[in-house]
Amino acid sequence: MAQKPAIPKGTRDFLPAEVAKRNYMFATIKEVFRRYGYAPIETPSFELSTTLMGKYGEEGDRLIFRILNSGEKMKKADLDALAQDNLPRFANSLAEKALRYDLTVPFARFVVQHQNELTFPFKRYQIQPVWRADRPQHGRYQEFTQCDVDVVGSDSLLYEVELIQIFDEVLSNLSLPGFSIQINNRKVLSGIAEVCGVSERIIDLTVALDKLDKIGEDGVIDELKAKGFAPTSIEKIKPLFAFEGSNDSKMNLMRSYLASSEIGLKGLDELAEVFEQISELGLQRGELIFDLTLARGLNYYTGAIFEVKAKDVKMGSICGGGRYDDLTALFGLKGLSGVGVSFGADRIYDVMTELELFPKELNRTLDILFVNFGASEAKHGLKLLQQVRNLGLAAEMYPSAAKLQKQLKYANDRNVAYVVIIGEEEAAAGMLSLKNMETGAQEQLSSADFLTKCGQLF
RNA sequence: GAGGUUGUAGCUCAGUUGGUUAGAGCGUCGGAUUGUGAUUCCGAAGGUCGCGGGUUCGAGACCCGUCUUCCUCCCCA
């Protein structure tokens, strides 16, 4: 055998059974999005490098797939930059385009570009693949699909509430047994930084705090020390480690902790409003948790921050999102607040596969198989086959008069529901045998009765 | 981007301190008194051992490189 072909790391092929499951998942997600008034849009797989670069921080830039200039454009390569060891500049001269890294930044670009054609608040959803030059791991791919819902042009907290409901509804509809919807607010984090006297270092602070459940209190303190935080600041952070209990009691603790921070209290007010509305509306299977340590690296968030984790599985966050007040400002449109969340389709798929949550009938791509006994019997069968297809059923005839054993095995492997047998005996009697592949039961029917039954069964 | 790890038949894996034609289970294909699957029995096919180089009389086993897998960090869906 020749050298086996391969696909790049972190990418996957999807077999028919997998596509069926993925389509089911996407259909469930879209249906919820639609009912909340979001309409689908699509944007190109690749954008101009300038659109993407610098929007995700230094780490993010490194993970953006660049598209090499082709033809004459290759001559634009900045060899001086290479000689000076300025690799970023060299790379920019080589690649003017890049694969999209997420759907949010392209969306911001989209909104600014089409601002005069849109009605605000503009609600859109977008389900498309994104690419990251990350190192593949469990639940981490270089090509994966995000399902984003965003609304821009309103700062109403109604949308935070709505997005939480969408989290809950989508994941409940997908039968996830349990999941936590963690929420925090960037203003609260700003307040903490203010109280600790490190306002200008909020990113370092929150990144360290974000790791609390992973590396523990000492780990966080060590990291802060390593980053050069003053002992007095670290002392002021310590009370946060005792931050436990119900959402209400956490809110109370934070009210006194942030008493001196105007912005911090504003963040708490926003959270309180969301909690109140959600507790009135209720959630199906999700649990809304105020998680003070939730920070998320994306530095464009300005208000609410969300993250969703599935319970009882080893998997990172399956959804994330938040409010951003200035994202479109990066492309020249100020004063437009947005909030949105993203469902990680591939992780949700992995979780659902692990928990066996996909409906079993999804791998049925054929309802009825007609057994082939040779040209003369097949003739009659082919007419019936056409009528069955007209009823909307997936049906086909086995292509050759192979042994019955083989044809039934084919039906079995394809998970066919019913097999129609028209052999010499049946043809002579003007009947057909209908075999239920699940029970093995078989009955003789006239063509008319068979078609009636088809209409009832499916 | 840093460190570690993995790669043998379609799949899951054996393969003894380097030694003839590299094995198993499952799956696939064929057959078992002529028309009955998923559970029986018999048989067959299928691998230049990820790829490239090196050491050796001799490499699936050892060394180097490379790609890939999974893991930790980083970051994230």
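Below is a short write-up of the structure. (Residues numbered from 1 in each chain as written. Chains lettered and ligands numbered in written order. Predicted model: local features only at pLDDT ≥ 70, side-chain atom pairs only at ≥ 80, totals over all residues. Heavy atoms only, no water.)

Quick look at the nonpolar core
Put simply, the rule reads: To form a nonpolar core, buried Ala, Val, Leu, Ile, Met, Phe, Trp, Tyr and Cys residues must be joined to one another through side-chain atoms within 4.5 Å. With a 1.4 Å probe rolled over the protein chains alone, any residue whose accessible area is under 20% of its type maximum counts as buried; one over 50% counts as exposed, and the rest are partly exposed. Only DSSP runs of H or I with at least four residues qualify as helices, and only runs of E with at least two residues qualify as strands; both kinds are numbered from the N terminus onward. Residues are treated as being in contact if the distance between any of their heavy atoms lies within 4.5 Å.
Ranked by size, the top nonpolar core spans 101 residues in total, and within it Ile-192, Met-254 and Phe-343 carry the most contacts. If one sorts the elements of this core by residue count, helix H7 (residues 158-173) sits on top with eight residues. Aside from chain neighbours lying at most four places away, what touches Phe-343 is Phe-33, Thr-145, Gln-146, Cys-147, Val-149, Ile-166, Phe-167, Val-170, Leu-171, Ile-318, Cys-319 and Ile-348. In this structure, Ile-368, Leu-385, Leu-445 and Phe-450 belong to the second largest nonpolar core, which totals 19 residues.

Section: the packing of aromatic side chains
Counted only if it meets this: Here the aromatic set is Phe, Tyr and Trp, taking the six-membered ring for Trp, and pairing holds for ring centres within 6.5 Å; pairs whose planes are under 30 degrees apart are stacked, those over 60 apart are edge-to-face, and all others are tilted.
The full count for this structure, using the stated rule, is 15 aromatic pairs. For the pair Phe-33 and Tyr-125, a centre-to-centre distance of 5.3 Å together with 55° between the ring planes defines the contact as tilted. Highlighted residues: Phe-33 in helix H1 (residues 16-35) and Tyr-125 in strand S5 (residues 122-131), separated in sequence by 92 residues. Overall, the relative accessible area of 0% leaves Phe-33 in the buried class. A relative accessible area of 9% means that Tyr-125 is categorised as buried. On the numbers, 5.2 Å between centres and 70° between planes, the contact of Tyr-300 with Tyr-301 is edge-to-face.

Side note on the protein's contact with RNA strand B
Here is the rule we go by: Working definition: residue near molecule or strand if any one of its non-hydrogen atoms lies within 4 Å of it. Any pair of nitrogen or oxygen atoms within 3.5 Å is treated as a polar contact; in protein, a donor-acceptor pairing is required on top of that, and neighbouring residues in sequence qualify only through side-chain atoms on both sides.
In the vicinity of RNA strand B there are 44 residues, among which His-138, Arg-140, Arg-296, Ser-317 and Met-437 approach most closely. A share of 51% is what sugar and phosphate atoms reach among the atoms of RNA strand B within 4 Å of the protein. His-138 has a polar backbone atom sitting 2.2 Å from a phosphate oxygen of RNA strand B. Put simply, the parts of the chain that give the surface near RNA strand B at least two residues each are helix H3 (57-62), strand S6 (143-152), helix H16 (404-413) and helix H17 (424-429).

Details of the layout of surface pockets
Test applied: A pocket here means an open set of points on a 1 Å grid, computed over the protein atoms alone, that has protein on both sides within 12 Å along at least five of seven lines. A cavity is instead a set of points where a 1.4 Å probe fits but cannot get out; residues with an atom within 4 Å of a point line either one. Grid points are joined across faces, edges and corners, and a volume is the space filled by probe spheres set on the points. Each residue receives one of three labels: charged for Asp, Glu, Lys and Arg, nonpolar for Ala, Val, Leu, Ile, Met, Phe, Trp, Tyr, Cys and Pro, and polar for the others, Gly being one of them.
Taken as a whole, the second largest pocket spans an internal volume of roughly 230 Å³. Around the second largest pocket, the lining is made up of 15 residues, and of these Leu-212, Phe-243, Lys-250, Asp-291 and Thr-293 lie nearest the centre. When its residues are assigned to classes, the lining of the second largest pocket shows seven nonpolar, three polar and five charged.

Describing a negative patch on the surface
Condition: Residues enter a patch when their relative accessible area is above 30% and they make no salt bridge; the linking distance is 9 Å between like charges and 5 Å between nonpolar side chains (Val, Leu, Ile, Met, Phe, Trp, Tyr). Values of accessible area rely on a 1.4 Å probe in the Shrake-Rupley scheme; residue burial ignores everything except the protein chains shown. By salt bridge we mean one thing: a side-chain nitrogen of Lys or Arg within 4 Å of a carboxyl oxygen of Asp or Glu. Under the counting rule used here, the positive set is Lys and Arg, the negative set is Asp and Glu, and His together with the chain ends is not counted. For the purpose of locating charges, the reference atoms are NZ of Lys, CZ of Arg, CG of Asp and CD of Glu.
Residues Glu-217, Asp-218, Asp-222 and Glu-244 make up a contiguous surface patch of negative charge. In this structure, Glu-217 sits in helix H10 (residues 212-226).

Topic: the side chain of Ser-342
Mapped onto the elements, Ser-342 comes out in strand S11 (residues 338-344). A polar contact is formed between the side chain of Ser-342 and the side chain of Asp-148, at a distance of 2.7 Å. Once residues within four sequence positions are removed from consideration, Ser-342 is found in contact with Gln-146, Cys-147, Asp-148, Ile-318, Cys-319 and Gly-320.

These figures capture arrangement, not role.
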